[in-house]
Amino acid sequence: MYQYEYVSLHTGGGFWVDNSAGEHRDLIAQYAAQGWRYAGFVPTRFSSYGGIKELDLVFEKEVP
(Lines give C-alpha, C1' and ligand atoms only; values in the text may rest on other atoms or scores of the structure.)
Protein backbone atom coordinates (compact mmCIF):
# COMPACT_ATOMS: atom_id res chain seq x y z
CA MET A 1 0.00 0.00 0.00
CA TYR A 2 1.19 3.52 -0.75
CA GLN A 3 0.75 6.87 0.93
CA TYR A 4 0.49 9.94 -1.32
CA GLU A 5 1.48 13.54 -0.75
CA TYR A 6 0.39 16.41 -3.02
CA VAL A 7 2.38 19.65 -3.18
CA SER A 8 0.89 22.65 -5.02
CA LEU A 9 3.21 24.61 -7.28
CA HIS A 10 2.40 27.91 -9.00
CA THR A 11 3.78 28.01 -12.55
CA GLY A 12 2.30 31.26 -13.83
CA GLY A 13 0.63 29.83 -16.90
CA GLY A 14 1.68 32.60 -19.25
CA PHE A 15 3.04 32.03 -22.72
CA TRP A 16 6.50 33.42 -21.90
CA VAL A 17 6.78 32.27 -18.28
CA ASP A 18 10.29 31.18 -17.32
CA ASN A 19 10.33 28.37 -14.72
CA SER A 20 14.07 27.81 -14.96
CA ALA A 21 14.55 28.86 -11.31
CA GLY A 22 14.10 25.17 -10.50
CA GLU A 23 11.66 25.37 -7.60
CA HIS A 24 10.14 22.09 -8.80
CA ARG A 25 13.57 20.45 -8.75
CA ASP A 26 14.22 21.66 -5.21
CA LEU A 27 10.87 20.29 -4.03
CA ILE A 28 11.49 16.91 -5.66
CA ALA A 29 14.95 16.71 -4.07
CA GLN A 30 13.56 17.67 -0.63
CA TYR A 31 10.88 14.99 -0.76
CA ALA A 32 13.31 12.38 -2.10
CA ALA A 33 15.59 13.05 0.88
CA GLN A 34 12.61 12.24 3.13
CA GLY A 35 12.00 8.91 1.40
CA TRP A 36 9.28 10.01 -1.03
CA ARG A 37 9.30 9.06 -4.71
CA TYR A 38 8.15 11.54 -7.36
CA ALA A 39 5.14 9.96 -9.09
CA GLY A 40 4.01 12.70 -11.49
CA PHE A 41 1.93 15.86 -11.61
CA VAL A 42 -1.69 16.90 -11.99
CA PRO A 43 -2.60 20.30 -13.50
CA THR A 44 -5.07 22.05 -11.18
CA ARG A 45 -5.54 25.56 -12.67
CA PHE A 46 -5.27 26.82 -16.23
CA SER A 47 -4.90 30.25 -17.82
CA SER A 48 -7.44 31.54 -20.34
CA TYR A 49 -4.89 30.58 -23.02
CA GLY A 50 -4.67 26.97 -21.86
CA GLY A 51 -1.36 27.26 -20.01
CA ILE A 52 -0.95 25.48 -16.68
CA LYS A 53 -1.11 28.08 -13.87
CA GLU A 54 -0.84 25.63 -10.98
CA LEU A 55 -0.14 21.97 -10.58
CA ASP A 56 0.19 19.39 -7.85
CA LEU A 57 3.43 17.44 -7.68
CA VAL A 58 2.55 13.91 -6.56
CA PHE A 59 4.85 11.94 -4.27
CA GLU A 60 4.41 8.42 -2.99
CA LYS A 61 5.89 6.35 -0.19
CA GLU A 62 5.31 2.71 0.58
CA VAL A 63 3.57 2.17 3.91
CA PRO A 64 4.68 -0.94 5.81
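Since we're looking at a predicted model, the values are computed, not measured.

Right, let's get into the packing of aromatic side chains. Pairs of aromatic rings are described using the distance from one ring centre to the other and the angle between the two planes. If you walk through the whole model with that rule in mind, you get 3 aromatic pairs. Seen in terms of ring centroids, Tyr31 and Phe59 are 4.4 Å apart; in terms of plane orientation they differ by 15 degrees. Their pairing is stacked. A residue pair is termed long-range when its members are at least 10 positions apart, and Tyr31 in helix H1 (residues 23-33) and Phe59 in strand S3 (residues 52-62) qualify at 28 residues. Here the two residues Tyr31 and Phe59 agree in accessibility, since each one is buried. Ring centres 6.0 Å apart and planes at 65 degrees place the aromatic pair Tyr38 and Phe59 in the edge-to-face group.

Before going further, it helps to spend a moment on the nonpolar core. One finds Val7, Leu9, Leu27, Tyr31, Trp36, Leu55, Leu57 and Phe59 forming the largest nonpolar core, which totals 8 residues. Residue assignment for this core shows that the elements contributing at least two residues are strand S1 (2-10), H1 and S3. Looking at this core element by element, the count peaks at 3 residues for S3. Those residues within four positions of Leu9 in sequence are excluded, and the remaining contacts are Glu23, His24, Leu27, Lys53, Glu54, Leu55 and Leu57.

What counts and what doesn't
Residues numbered from 1 in each chain as written. Predicted model: local features only at pLDDT ≥ 70, side-chain atom pairs only at ≥ 80, totals over all residues. Heavy atoms only, no water. Phe/Tyr/Trp six-rings, centres within 6.5 Å; stacked < 30°, edge-to-face > 60°. Helix = DSSP H or I, 4+ residues; strand = E, 2+ residues; numbered from the N terminus. Buried < 20%, exposed > 50% of the residue type's maximum accessible area, 1.4 Å probe, protein only. Core = buried A, V, L, I, M, F, W, Y, C linked by side-chain atoms within 4.5 Å. Contact = heavy atoms within 4.5 Å.

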